Amino acid sequence: MKKLIGYFLQGLIFTVPAAATFYVLYSLFQFIDNLLPFEFPGLGFALVIVVVTLLGLLGNTIIAEPVRYWIKQLLDRAPLVKTIYTSISDLINGLIGKEKKSF
């Protein structure tokens, strides 16, 4: 019974974020399409795609880069932690990274 509950919870962990994302995006499509006094099919979809892409770009350049730099500075101060972190990072990048021929 514990395994069954564990599998159920694991399934929730996989499905709830995806379902919530699709629901929010669909709601945004509908909201934007209903804002206009005239009918323009697909405008909500196109606008949400553009906004999400721009947010991803901003998040990657403005937020992620300073955080990566800060973490790198912290790791440089702790050699043992840096060794463990880089080993795990290299393993994960080798398994699921863009260059799967790392091994």
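What counts as what
Residues numbered from 1 in each chain as written. Predicted model: local features only at pLDDT ≥ 70, side-chain atom pairs only at ≥ 80, totals over all residues. Heavy atoms only, no water. Helix = DSSP H or I, 4+ residues; strand = E, 2+ residues; numbered from the N terminus. Expected span 1.5 Å × (residues − 1). Bend = angle between axes of the 7 residues up to and from the residue. Patch = residues over 30% accessible without salt bridge, like charges linked within 9 Å, V, L, I, M, F, W, Y side chains within 5 Å. Areas by Shrake-Rupley, 256 points an atom, 1.4 Å probe, with all protein chains shown as cover. Salt bridge = Lys/Arg side-chain N within 4 Å of Asp/Glu carboxyl O.

Caption draft 1: Up close: the environment of Gly 59. Within the element layout of this structure, Gly 59 appears in helix H2 (residues 43-77). Sequence spacing of Gly 59 and Ile 96 is 37 residues, and the spatial spacing of their C-alpha atoms is 22 Å.

Caption draft 2: Looking closely at helix H1 (residues 2-35). The terminal C-alpha atoms of H1, which comprises 34 residues, lie 48 Å apart, in line with the 50 Å expected from a rise of 1.5 Å per residue. Where H1 bends most, at Thr 15, the angle is about 30°, and the proline Pro 17 comes one to four residues later.

Caption draft 3: Just a nonpolar patch on the surface, in detail. A contiguous nonpolar patch, built from Leu 47, Val 51, Leu 55, Leu 58, Ile 62, Ile 63, Val 67, Trp 70, Ile 71, Leu 74 and Tyr 85 and spanning about 1100 Å² of accessible area, is present on the exposed surface. The greatest single-element share of the nonpolar patch, amounting to 10 residues, is contributed by H2. With respect to the element layout, Ile 62 can be found in helix H2.

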